[in-house]
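# Overview (structure and organization)
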Amino acid sequence: MATPITANSFVEALKKEGVKVEEVRDWRNHNRNHKGPWGPVHGIVIHHTVTQGAKETVDLIYDGHASLPGPLAHGCITKDGTVHLTGHGRANHAGLGDDDVLRAVIAEKNPPKPNEMNTDGNRSFYGFECENLGDGKDPWPDAQLEAIEKAAAALCRHHGWNERSVIGHLEWTNQKSDPRGFTMDDMRARIAARLK
Ligand SMILES: [Zn+2]
């Protein structure tokens, strides 16, 4: 359980971890806090965008779309490994998921397979949306995987969390398949090594 990181500390933590950061428009004040609570935060959810093209992808994650207003994540990680900050506060990324998974994340244990949608994830999780088509063919460049590892590690370090605080959207709800193209176990191993 933790108070969400401030916008300034978020930028600082990312840069200290060696991440290339771009601040998008009014991201510090861009959120869905008028729709519900944000925090306490318990972990990080990794997503893929099902899009191609850095500019279009970052704009989509900032603005959202007609049926799902932005921000759609706190950061958008493009293929070149840049972390574009798109929101600070509640964001429309995790949606409903399984309370058993949330309990496991809080306890930093391996999560059970999700089978319920009874818990508001947007309250409890930071979200990173990563530019990828999610078709299992679109490659994940090394620079992008490294940025995912570093961005998640930066937040873990700030909060004193370990790698089990980082899950994929597909581990939060059985309605989602993202991220596809690398495994969350591999990503968690990278984050764990970085946090040592
Ligand atoms: Zn997702």
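Just so you know, these numbers come straight off a predicted model, no measurement behind them.

## Side note on the overall build of the chain
When helices and strands are tallied, the chain shows 7 helices and 10 strands. Viewed in the frame of its principal axes, the chain has a C-alpha envelope of about 35 × 35 × 35 Å. Burial analysis of the chain (196 residues in total) assigns 46% to the buried set. Here the contacts in the chain between residues at least 6 apart in sequence split such that 72% fall between residues at least 24 apart.

## Examining the UniProt feature "domain: N-acetylmuramoyl-L-alanine amidase" (unreviewed entry) in the chain
Following the UniProt record, one finds the feature "domain: N-acetylmuramoyl-L-alanine amidase" (unreviewed entry) at residues 27-180. The distance from the first to the last C-alpha atom of residues 27-180 is 27 Å, and the span holds 29% helix and 19% strand.

## Comments concerning helix 2 (residues 54-63)
Buried within helix 2 are the following residues: Thr57, Val58, Leu60, Ile61 and Tyr62. Summarising the contacts, the buried residues of helix 2 are in contact with strand 3 (64-65), strand 5 (75-77), strand 6 (82-85) and strand 9 (125-130). Once helix 2 finishes, Gly64 follows within two positions and takes phi at roughly 70°, a positive value.

## Some words on helix 3 (residues 99-107)
Note that an α-helix has 3.6 residues per turn; residues three or four places apart therefore point the same way. Three or more residues of helix 3 are buried, namely Val101, Leu102 and Val105. Looking straight down helix 3, one finds its buried side chains confined to an arc of 100°; they lie on one side. Contact partners of the buried residues in helix 3: strand 2 (43-48), strand 7 (96-97), strand 8 (119-120), helix 4 (121-124), strand 10 (166-168) and helix 6 (169-172). Glu108 sits one or two positions beyond helix 3 and adopts a positive phi of about 55°.

## Thoughts on the nonpolar core
Core analysis: the biggest nonpolar cluster contains 43 residues, and Ile44, Ile148, Ala151 and Ala152 have the highest contact counts within it. In this structure Ile148 touches Ile46, Ile77, Phe128, Cys130 and Met187, once residues within four positions along its chain are discounted.

## Observations regarding unusual backbone geometry
Cis geometry is found at the peptide bond from Gly39 to Pro40, where omega equals -5°. Tracing the backbone through its elements, the reader meets Pro40 in the loop between strand 1 (20-23) and strand 2. One non-glycine residue, Arg25, lies in positive phi territory at about 40°. By the secondary structure assignment, Arg25 is in the loop between strand 1 and strand 2. Given 13 C-beta atoms within 10 Å, Arg25 falls into the partly exposed group. Even without glycine at this site, Glu108 takes up a positive phi of about 55°. Tracing the backbone through its elements, the reader meets Glu108 in the loop between helix 3 and strand 8.

Reading the values: the criteria
Residues numbered from 1 in each chain as written. Predicted model: local features only at pLDDT ≥ 70, side-chain atom pairs only at ≥ 80, totals over all residues. Helix = DSSP H or I, 4+ residues; strand = E, 2+ residues; numbered from the N terminus. Buried ≥ 20, exposed ≤ 12 C-beta atoms within 10 Å, placed from the backbone. Contact = placed C-beta atoms within 7 Å. UniProt positions renumbered as here; feature names shortened; annotations may be inferred. Arc of directions from axis to C-beta. Core = buried A, V, L, I, M, F, W, Y, C linked by C-beta atoms within 7 Å.

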